[in-house]
Structures are given as structure tokens and as C-alpha cells.
6 protein chains.
Amino acid sequence: MKTSLPLLQLLLGLNLLSGLASSDPDPLQDYCIADTKASQSLFINGASCINPNSATSSHFTTSALAKPGNTSANRFGFNVTLANTANLPGLNTMGLTMARIDIAGNGLVPPHSHPRASEVTICLEGTILVGFIDTSNRQFTQTLRPGDSFVFPKGLIHFLYNVDTKGPALTVSGLNSQNPGVQIASIATFTSKPTIIDEVLEKGFQISGQDVGKIRRNLGG
Amino acid sequence: MKTSLPLLQLLLGLNLLSGLASSDPDPLQDYCIADTKASQSLFINGASCINPNSATSSHFTTSALAKPGNTSANRFGFNVTLANTANLPGLNTMGLTMARIDIAGNGLVPPHSHPRASEVTICLEGTILVGFIDTSNRQFTQTLRPGDSFVFPKGLIHFLYNVDTKGPALTVSGLNSQNPGVQIASIATFTSKPTIIDEVLEKGFQISGQDVGKIRRNLGG
Amino acid sequence: MKTSLPLLQLLLGLNLLSGLASSDPDPLQDYCIADTKASQSLFINGASCINPNSATSSHFTTSALAKPGNTSANRFGFNVTLANTANLPGLNTMGLTMARIDIAGNGLVPPHSHPRASEVTICLEGTILVGFIDTSNRQFTQTLRPGDSFVFPKGLIHFLYNVDTKGPALTVSGLNSQNPGVQIASIATFTSKPTIIDEVLEKGFQISGQDVGKIRRNLGG
Amino acid sequence: MKTSLPLLQLLLGLNLLSGLASSDPDPLQDYCIADTKASQSLFINGASCINPNSATSSHFTTSALAKPGNTSANRFGFNVTLANTANLPGLNTMGLTMARIDIAGNGLVPPHSHPRASEVTICLEGTILVGFIDTSNRQFTQTLRPGDSFVFPKGLIHFLYNVDTKGPALTVSGLNSQNPGVQIASIATFTSKPTIIDEVLEKGFQISGQDVGKIRRNLGG
Amino acid sequence: MKTSLPLLQLLLGLNLLSGLASSDPDPLQDYCIADTKASQSLFINGASCINPNSATSSHFTTSALAKPGNTSANRFGFNVTLANTANLPGLNTMGLTMARIDIAGNGLVPPHSHPRASEVTICLEGTILVGFIDTSNRQFTQTLRPGDSFVFPKGLIHFLYNVDTKGPALTVSGLNSQNPGVQIASIATFTSKPTIIDEVLEKGFQISGQDVGKIRRNLGG
Amino acid sequence: MKTSLPLLQLLLGLNLLSGLASSDPDPLQDYCIADTKASQSLFINGASCINPNSATSSHFTTSALAKPGNTSANRFGFNVTLANTANLPGLNTMGLTMARIDIAGNGLVPPHSHPRASEVTICLEGTILVGFIDTSNRQFTQTLRPGDSFVFPKGLIHFLYNVDTKGPALTVSGLNSQNPGVQIASIATFTSKPTIIDEVLEKGFQISGQDVGKIRRNLGG
């Protein structure tokens, strides 16, 4: 049985994911390596930086995307690992990030949006159904096999679904912000802290209060 | 009984709403008045313009926001009227738009996001519960009375709910794009055309296929 | 008789107004709530922020626009109240602001420009003559009644004049910067501190030194 | 006696000047050479371009800034010659322009602002008093001699005054837009076409209707 | 013997590569699918678009990155395949692109820069030495193995070298422009058409005219 | 004989030059005067600022461009003097800079690129051959005489060569970033610290290891 613990882990994962971004301000110097210590006391738009004289090659490299993420830590069967200013401080002010997305057999990256980025994903393993919805409520959908790429326009709801019941799937995405952020539509509406009041969800999804409660519980909220 | 007709109207309304925007490219001349005729044959990022020598004061003014919208045309009880390049062509390249939001008694602007804009709304009439969810899944919520303003950060899911059962509510919003766009989380996920396949919604909302069908029908999809 | 005190108050008001903005840098996180304390010791482009974990709903809301401003504090009969990072810290990095403009009977918001923003204003009360001048020296002008909106393109000189001798007028404006700034053409040219030397104003306005002195005194400089 | 003809010439000059710019959209290709023919039928934000295969070196060069402008064509004694997309089509999408400013003995570039650009000017000849007014109504002023540079922040009112009664002065300016635009405060307020109604100018400058008429006539309006 | 044919192919490849980009203007609608036909007659900053009503899923997907490029077509032993608006028209206005980089055993992507983009690359196969030079002339270098990522800051010279003499290497890169462009330092300086005059290269590289000729011939210019 | 000392001086000069920039983030206040003291302990994108109440006219002016630079300090015979936030702190956030370029008789500003700016240069003295290479490897070249201007598109390799064997040449450039940065192709590839490994240069320039060594020594690396 799924408990709410994996969801917490998912939410922590989301916090990392919220380390994604779009059409960021241009850099005003070669690089501005995120000062991971200062970032706990000084807060600005983006991150403050270390003295550029202290820059080393290691600030520009990461192995964070090398290993598959744990896709069994949440009820959806996916894991997003992100290069962000915490594990790749040289990324700060660069205006983009990369992510690896692991999806278990029949796993799903649920309908979500990035508030600050467009995304292009390239399928490396598996067979994935992807799609996005535009603001006229049209869905654009495609089945991706290794080598196929797909565009998710900025800020629009999209999903990635591993249609293979057995094997895992893997994609690598570029996003045009150092911190795109992510909101999963179901998680954000039903399990925020504190929760949105029931009337809003009853009306918004045209369901009963009981249904709201059930969905909320199932989603671990 | 709700039919799908009001939903169609809502969707048309959404098309208008999709006429909203964020941090647009800066103008390269005083104004670039949208050419509403050319816009049916020439498509660019934004809109092409009329000869600036043909500019008149009427291109910079609109009464589109003067009258309350029809809040009974959809099942949620709200109406958004937007100044956009169709009714206010001088808005093109200006990097912002204004909207009036009418909400019937107990009506709701359901949880939605603008892919290309931040928003500040000022309550002019009624008592409105507003809120947004951040990418760490925290909800920020407030009750607005006339004169109160609230910020909805760029791209994040938010809602406005008229907590007064009887009287209508009214807010005026500024959004920092000439075309912010809008996606209602429930409508986009359950009633897109074509619809997202059931498995994705079952998994994404942790509901049964029957539930998916019921929500879809209730939302008019 | 008007003394220079009201002018000082006007100038203080202008300082607030200078809390307006256009096509600001995009946000690199969900929000970056202005740290009103730090802003007295640390200065950057925009404002530094509080720890996002300390964010509360109150940071995103303000009643600053709820009450009419005092239109008798200056010789022009207007008052601009602005949502800015001081009274609405959640506005920081959001790329827009809202303002309420109160104008007494026959009052005037004198010809002015916003160095960093376009503006759309919606008339809520009264009858207002508005206009702007483009860089080819053409004037575009319109009479607004409640519900009518008008666009003032970025950086161009414009004015709002309450043509009703008795009743007050009210508009609400959106501006696409968190800090648009404002310069009133007459105030900036004739009453800056220190003042522009007489020769420049004599030549620039083709008036005598006596005229310069008279205008300066009348404007409270 | 000054007639209105020189003013017309000044205004034509302003039209050219309105060919200046600030923080323009970034280029999406190496160059996008303005199509000076198309620009009479197709209007967009900026200018449409010629086929890049037709690019030649001449598109990237101009002698427009080589010769002193005629400083006696207007009552102020200045002339601004600008590199713009008409005389330097390769400038389109490049995000900046250059201007040469000639000022006769005791001539003045009257208080003016650029709605879309910051400016840095370098004095090449003569002795020039320059200044700008910030939005708190402070004036910053300096006397420039050959080799001295000065910054005029974006959108703020500034002037350049040749304090030498005899010899001409010359500066070269960079502005960070391909089309900064210019508004001279006195010209825009007193001699627009059509003119701003007298009441607005009487109130705005605290002068009589007779004074408005006199200034307007003196300025050639 | 290498002939100039492979170089022509390389240059054609560079043309495609010049289909890369950085901090592009933000989109003003959900998508603006590049009109590959119109792009031969109408030229703007970026690309004009098809009627959004004609959008299909195929506009947002490509298999262009699926197959290894031919690394033997040039003397360096590399091939860059790029998703651009020609093979992925939905990419237009999205502000980023993806590229696959194939490098033969001991092959090299020679020192080059992207005039309009930062880049993050992730190594998928092989062992690659990468490095960039900053504007203080410091080199930052790293050996990447599968799963390792590296940042190349905007506009700076960098290279990728397959240090394995036998097997091929593969990386996937994200770049924050839809059209980053590329310039290989040696190719651009020694083999442009027409060529840079010898004196400039002799002085610039401190070599003899004979050396210039030899390098030029070896590079196929 | 040239020693490596002048090269060090050149590199220091390059460090200054790296004080150049392009399409910078827009300002969020009138000015944000670089705090030259804080800039040694606090690092952000751009520079932190002094209290705006402490602004003086001297912050907006500099004589740094008044005197010819020493063109004999490096083996190329040029000197670039730049207005940057160190000598002109009011430039911070303004989105542009100005530079003076002195070139000795037959001196050369070697092929180089600015990672963050487009440039327009105006020739004030001498006869200069200028050129740039686009990403299709085409060269655009022109001979400039006093008064002639030329555009160097963003990020592309370009050069300026004094074709007069005797007299010095002088140009003034505007660049659309407060910190454009510069990379000289030969210097960056052959004399970085640490140096790029020989194999990369041998392959990249199709020369022998001996040639690499010779060029490196000649360039002072």
C-alpha cells in the first residue's frame, strides 16, 4: 500500500525540480558561480556568486545526471533528476538547465507545467507517449522512440507516459531557464499545504466533497 | 441540466483569455498597432502592424472592459473580459494587458495558470477568496475586499472564489504580457480535444476510469 | 495660497511613484519577496529578498490602493497611489505594478513620462481627457468614461485631465515594470534640485529669464 | 526672424532621431538587414529583412555620421545625426545605435528623453554642460571637455549645452536600442499636432493662457 | 588526401549549426510554428509562422537526432546534428534547441563559440575532454564520462575532444537559443570566403605568410 | 625583442576589456551605481550598488577615454580603453558601454569576438580595414576613413587593421552590454592558462606540434 511517505519524497523531489527555469536575464560576466553557502543567508533574483578568481573546473561539471533516479519513491513511477545551481553551480546566470527523466514500466510524469521554461525532450530509451494542451484546449500528442524529440511550449500542461508495461524509459530534456519550476496539476490542486478549500475543488472539477476527499487521500495529501 | 453548449462558450472565452501575456520583447518603435486584417494571413511572434501614419486615437482605446461579462454561460459562474490586440490594437508590443473578472455569487475562477504572465488583481466589488500554489506545493491564500490587491506569480496555479453566495464580485487585473494565455487545470486535463487517454488521468489523479468519465462529462468534455 | 510644502509632498509622492517599472528581468524562482529591511543596506538591480521559507500570504497582498489619495496636497489636484515593493513586497521580480489615480474636479496629472514602463489605464469614475505625444510630435487623445481603457506607450509623455469641474475622477492603471518611475515635464525641468541653469530653460522653452523665474516660483521650485 | 520652417525641419530631424532604441529583443540570427523597401508595406516590431544571401559589406557601413549637421536649421542650435536602419540597415536587431551631436556656439540640445534607451556620450570637441534629472527630481550635472564621457540613464530627461559662445561642440553617443526615440519636453508639450489643450498646459506649467500662446508661438507651434 | 569537398560539407553543416541560439525574445503566443515555405521570401528576426489552426503534433516532433551523423565528412572527425526550425518547426520562439554531437575516435569538435547561446552538454558515450577559455584567458577543462555534464558559458570558445582513439563518443547538448550559431576559430579565421588578408593573420597569429598559406590549405580553404 | 611581459599587460588589458556586454537585463530603478568596494566581497550578476542617496555627478562621468592608450605594450600594436563599472560606476545596469580603440601604424586588433555584445564603431582618425566573419563563413569587410561607421554583429569574430604604415588610427565604439567581454581567437586558443593540450590545436588548426609550440611562443604563451 502506498503511504504518504513516498509523496513527501516526491514533494522533496519537486523542490529540486523547482530548481528548473525560462528566458532568464542575460549574464553580465563570463560566469557567476552560485555561492551555495551564501544562498542560505542572501536571497536575490537567482543566486549570488563566489569570487570569480576562485572558479574551478569542478564548478562547471556534475555527475548528477549519471544514474537513474528511484522511480518507486512515488505513486506515479517517475523520477526527475535535475542539473541545478546546487549540484552544478556554474549553471547560475546561464539561462538553461538539463534534466534526466526516468519512468518505470507504465510509469507516468503526470500532467504538469513549468512556470518559467519551454522544454525539448529527447527519448533515449523506451516508448513514451507525450502530449501537451494549448490554451485553446487542443491536445498535441506523439509516441516517442529512442532518438525522437518533442517540444513542450513554455508554461503549458504536458505529460510523459511510458506505454511499455515492463521496461523503464529514459529521456533527457533541455529547459530554457536555470530554474524552470514544476507544478503537477493534480498534486498542486488536491494536496497543497494548506489544502485548497473543498468548495473550490468541488466546483473546479465538478465533483462531490467525498470525491475531493478520496482523490486527496489517494494522492497522499 | 448542463449541456456542452456553455462549455463551448467557455472555451471560446478561454480563447479570448489566451489573448493574455509576460516579460514580452521590448518595443522597437513608439507603437506597432496590430493589423487585425493581416493577422489572418501573416503570422509572427506577436502581431504585424498597420502603417504608423494611419494610427488614430481609437487604436489606443477600448470600451471592452466597460460591461460585466455573462457569468451564467459556463458552469463555474465567472467571466473574464480581456483587453487584447483584437479589441485594443495599440496594445501590441506594449508588454501588458488588463482584464476584468466578473464572478457570480459563489462563482469560481477555477484553479488555472497563465503560461506567459504574472498578475496583480485589485478587488472592486464583493468578497473574494484568492490563492496560489507555489512549486513547493505551499498555498498562499487571502480574502480580498474592495480595494485589496493580490499578486499571482508568473505561471503558478491560482484561483478566485466569490465567497458571497448572493452578490457578484468584480476585480480588475494587470498582467505583464500582451497575451498571457490561460489554462484551467481541470478543463485542460479532462476535456482537451482530443482527450488525454484515460490511463494518464487515472494515474495522474489516482482515480478509476469511471471517475475519469464522470468528471469529463460533468466538465462538459 | 499654495506654499512649497505641498510640492515637497508631491515630490515625496513622486518618489513613491518612482516605485513603478517595464520589461523587467524575468524571475528566476517562484517569488523573491522584497526584504524591506535589507533594502536599506544592500542595493542591487531591484531588491534583495527574504528567505522564501518565511513567505506568508500577507507578502502578496496590500490595501494600499483601497482609499482615495489626498488630491489637495499639490497644486495639480491629483494623487497617485502605487503598489510597490515597500507596501507589496511580493511584487518584487514580478515585472508589473498597479496604481490608483485620483483626480479632483478639474484636477490634472500633468504631462509626464514613465522611463521604464508602458501603461494601460481603465477609468472607474468621472470623465477624463487623456492623451500622449509620440516621437513624431503627434498627439493622440481621447475622452474616457467609466469602463473605457487607454494605452500610454512606453516612455512617452502623457497626461490625464478631469474635465468635470466638480466631481472627482478615478482610474486604475497597470504598468509593466515593478518600478516604472515618473517624471513630470514641468516639475523636472523647472524645479529640480539643484535647478537647471536659466540659460537652458530660456533657450529650451524660448522664454525670458523672468519667465523662468515666474514658472519656477509658481511650480514651487 | 525664425519661421516655422526650421521647426518642421527640426521635427523631421526628430523623426530621424526617433530612429534611436533600449534593451531590444536579442537577435535570432547573425544579422537581419533591414529591407528598406518592404518597410513601406510590411510593419512589425522593428523591421523586416532582406534575404541574408543578398547581404553585402555596404549594408554594415555608413558615412552618415561623417559630416557636421546643420545647426542653424532650428532655434536651438543643434543637430543630431543618427545611424539608423534607413542609412545603416545592418543595424537592425543589433540592439544599439550611434549618434553624432553637433552644437553651435551657445547652442542647446534642449531637455529631452529617449523612451527606449540609456545613452553614454563622449565629448570630442568644445566645452559642454550636460545634466539629467532623476525621478526624485535631483539634477546631476557636469562640464565635459574633449575625452570626457557621461551617462544618461534610460528614459530620464537630460540636456547638452555648449557653454562656449563661439566655437561649435561635438559629441558621439552610443544608445542601447536600434531606435531609442526622442522627446523634447518643451516641443512635445507645447507644439504637438494637434496641440494639447491650453488648460492642461496652464495647469501643468502654472502659467496663463497668454503665456501658453506665447511659448507655443516662440517654439514655432 | 583531404579535398575541399568534405570542408564544403562541414561548412554546410555549420550552416545548419548556425541554426542554434541565447536568451531569445519571449513567445507572445503558445507557439509560432516556423513556416518553412514563407521563410524563403519573408525574413524577420526569427521566422514567420503558419496559421496556428494548422498546427499538428508533427510540427513539435523530429527524429533528426536519432541517427549518428557522418563523422568522416570533415577532417576533424565530428558531426553536429541539430534540432532547428527547419526540421522541428515548433521550436520557433521557444528559446532553446537540442543538438547531438558525434565524435569519431580521436575526433575533435575544434575550438569554437556560439554567438547567441550558453550550452550544457551531457556525455552519453565515450570519454571526452572538454574545455572552455574565459575572457581572462583561463582554461577550465574536464574529462567527461557517460552521465557527466558540463557548462559552456555564453559566447566563449570551447572544444570537445574524444580522447579514446578507437570508439566513437556521443553527447547531447541543450543551448538556450533557437539558433545559437557556431564559429570554429580556425575555420573562421583561415578559410572564410573571401579570406581575411594575410597580413591580419600573420600578425594575429604571429606566423609567416607561408604558414598562413599552409594552414589555409590544410584546413581546405 | 618582444618579451612575455607586454603580453601580460595585454592580458590585463583583456581583463579590462572583459569589462564590456549585450542585451543586458533592464534597470529596475533610475540608476544602480556600482559599489566598487562591495564588488570585492559580494558577487552577483552585474554589480551591487551604493545607496542611491549617495549618488553624485562624478559617478556618471569619466575621463578614462580622454587619452590614447599605449599601443606599444603588446605585439599587435593596439590598445582598447573601456568605460566600465570600475571607472564609470554609473554605467551599471545601463545596458551599454563605450570604448576607444587606438591602433599604431600597421597595428592590428586581432580577430576577436565579444561574447555578450554587438558593436558599432566610428572611425575618428586614420584608415582602417575592418571585417567580420558570419556563421556561414562569409567575410564582410570595409575600409573606414574618418566619419565612417561599421557594425559588428553580436558574438561574431571581427578585426580592425590600421592599413596606414605610419600614422595611428582611432575609433570609438558603442557596445550593447555594460560588460561585453572579449576573446582574441589566437590568444585564447594558443596561450590560455593552462594551455589547451597540443593535440587539440594540432587537429583544430591542422598543424604540427612544432608549429603549435612556435605559435604559442610567438604569442608569448
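Predicted model, so just to flag it, every value in this text is computed and none were measured. (Residues numbered from 1 in each chain as written. Chains lettered and ligands numbered in written order. Predicted model: local features only at pLDDT ≥ 70, side-chain atom pairs only at ≥ 80, totals over all residues. Heavy atoms only, no water.)

### A short note on the relation of the copies chain F and chain A
Between chain F and chain A, the superposition needs a rotation of 120° and an axial shift of 0.0 Å, giving an RMSD of 0.0 Å. What we have between these two chains is a three-fold relation. For chain F, the smallest separation between a C-alpha atom and the rotation axis is recorded for proline 25 of chain F, amounting to 3.1 Å. (Least-squares fit on C-alpha atoms with pLDDT ≥ 70 in both.)

### Looking at the confidence of the model for chain A
Residues and elements named next belong to chain A. Confidence along chain A averages 90 in pLDDT terms, with 89% of residues attaining 70 or more. Here residues 1–22 is a poorly scored stretch, pLDDT under 50, and it has 69 contacts once near neighbours within four places are set aside; other chains count. Model confidence for the complex: the whole-complex pTM is 0.91, and ipTM, which rates the interface, is 0.90. (pLDDT = per-residue confidence, 0-100. Contact = heavy atoms within 4.5 Å.)

### Re the interface of chain F and chain A
Listed as interface residues are 12 residues of chain F and, on the opposing side, 15 residues of chain A. At the boundary of chain F with chain A, total buried surface from both sides reaches about 1,200 Å², with 57% on carbon and sulfur atoms. Considering only the surface of chain F that becomes buried against chain A, Phe43, Asn45 and Arg116 of chain F emerge as the three largest contributors, covering 51% of it. Applying the counting criterion to the chain F and chain A interface returns 1 salt bridge. Here arginine 116 of chain F makes a salt bridge to aspartate 30 of chain A, at a shortest N to O gap of 2.8 Å. Counting across the interface, chain F meets chain A through 8 residue pairs in polar contact (both at pLDDT 80 or more). (Buried area = accessible area lost by both parts, 1.4 Å probe. Salt bridge = Lys/Arg side-chain N within 4 Å of Asp/Glu carboxyl O. Polar contact = N/O pair within 3.5 Å; in protein donor to acceptor, adjacent residues only side chain to side chain.)

### A word on the state of the cysteines
One pass over the structure, following the stated rule, counts 6 disulfides over all chains. Sulfur of cysteine 123 of chain B: no disulfide; nearest cysteine sulfur belongs to cysteine 123 of chain C and is 19 Å away. Residue cysteine 123 of chain B is classed as buried on the basis of its relative accessible area, which comes to 1%. (Disulfide = S-S within 2.5 Å. Buried < 20%, exposed > 50% of the residue type's maximum accessible area, 1.4 Å probe, protein only.)

### Side note on the UniProt feature "domain: Cupin type-1" (unreviewed entry) in chain A
Here the UniProt-annotated "domain: Cupin type-1" (unreviewed entry) positions come out as residues 63–213 of chain A. Secondary structure content for residues 63–213 of chain A is 13% helix and 36% strand, while the C-alpha to C-alpha distance between its ends is 41 Å. (UniProt positions renumbered as here; feature names shortened; annotations may be inferred. Helix = DSSP H or I, 4+ residues; strand = E, 2+ residues; numbered from the N terminus.)

### Some remarks on helix H4 (residues 209–218) of chain A
Of all the positions in H4 of chain A, only Asp211, Val212, Gly213, Ile215 and Arg216 of chain A are classed as buried. At the exit of H4 of chain A stands glycine 220 of chain A, carrying a positive phi of roughly 85°.

### What about unusual backbone geometry?
The omega torsion across lysine 193 of chain C and proline 194 of chain C is -10°, close enough to zero to call that bond cis. Its location among the elements puts proline 194 of chain C in the loop between helix H2 (185–190) and helix H3 (198–205). You will see that glutamine 206 of chain A, though not glycine, has its phi angle at about 55°, which is positive. With respect to the element layout, glutamine 206 of chain A can be found in the loop between helix H3 (198–205) and H4. One non-glycine residue, threonine 93 of chain E, adopts positive backbone phi at about 75°. Positionally, threonine 93 of chain E belongs in the loop between strand S2 (78–82) and strand S3 (97–103). Residue classification places threonine 93 of chain E among the buried positions, given a relative accessible area of 7%.

### A look at the sheet that holds strand S2 (residues 78–82) of chain A
The sheet built from 6 strands is open, its strands ordered S2(A)-S3(A)-S10(A)-S5(A)-S8(A)-S1(E) with antiparallel pairing. Looking at which strands have only one partner, the edges of the open sheet turn out to be S2 of chain A together with strand S1 (61–62) of chain E. Sheet analysis places strand S3 (residues 97–103) of chain A next to strand S10 (residues 169–175) of chain A, joined by 7 bridges and oriented antiparallel. Its bridge partner lying in S10 of chain A, alanine 99 of chain A is registered against serine 173 of chain A. (Pairing = 2+ DSSP bridges.)

### Observations regarding the UniProt feature "binding site: oxalate" (unreviewed entry) in chain A
On the UniProt side, "binding site: oxalate" (unreviewed entry) is annotated at positions that read His114 and Glu119 of chain A here. Turning to its location among the elements, histidine 114 of chain A is positioned in the loop between strand S4 (108–113) and strand S5 (119–125). Separated by 2.9 Å, the side chains of histidine 114 of chain A and glutamate 119 of chain A make a polar contact. With respect to the helices, strands and loops of the structure, glutamate 119 of chain A is situated in strand S5. When neighbours within four sequence positions are excluded, glutamate 119 of chain A is seen to be in contact with Ile101, His114, Phe150, Val151, Phe152, His158, Ser173, Gly174 and Leu175 of chain A together with Leu96 of chain E.

### Some details on the packing of H3 of chain C against helix H4 (residues 209–218) of chain C
All names here are of chain C. Two elements in contact, H3 and H4, have axes whose closest approach is 9 Å; the angle formed by their N-to-C orientations is 100°. Between H3 and H4, the interaxial angle falls into the category roughly perpendicular. Taking contact as the criterion, the partners of Asp198, Leu201 and Glu202 in H3 are, on H4, Gly209, Val212 and Arg216. (Axes fitted to C-alpha atoms, helices over the stretch in contact; angles between N-to-C directions. Parallel < 35°, antiparallel > 145°, perpendicular 65-115°, else oblique.)

### Focus: the pairing of strand S3 (residues 97–103) of chain C
All names here are of chain C. Judged by how many residues are buried, S3 sits mostly within the fold: 7 of 7 residues are covered. The alternating pattern of S3 places Thr97, Ala99, Ile101 and Ile103 on one face and Met98, Arg100 and Asp102 on the opposite face, and all of these are buried. Across 5 bridges, strand S2 (residues 78–82) lies against S3 in antiparallel orientation. Each residue of the ladder has a partner; that of threonine 81, found in S3, is arginine 100.

### Some words on the relation of the copies chain E and chain A
Least-squares fitting of chain E to chain A yields an RMSD of 0.0 Å, with the superposition described by an axial translation of 0.0 Å and a rotation of 180°. Here the transformation between the copies is reduced to the relation of a two-fold axis. Of the residues that chain E buries at the interface, 100% are likewise interface residues in chain A, meaning the two copies contact each other through the same surface.

### Some remarks on the pattern of salt bridges
All chains considered together, the criterion is met by 30 salt bridges over all chains. Between lysine 214 of chain C and aspartate 211 of chain D there is a salt bridge; the shortest N-O distance is 3.1 Å. Of the two residues, lysine 214 of chain C sits in helix H4 while aspartate 211 of chain D sits in helix H4 (residues 209–218), which places them in two different chains. You can call lysine 214 of chain C partly exposed: its relative accessible area is 32%. Taking the relative accessible area as the measure of exposure, aspartate 211 of chain D reaches 14% and is therefore buried.

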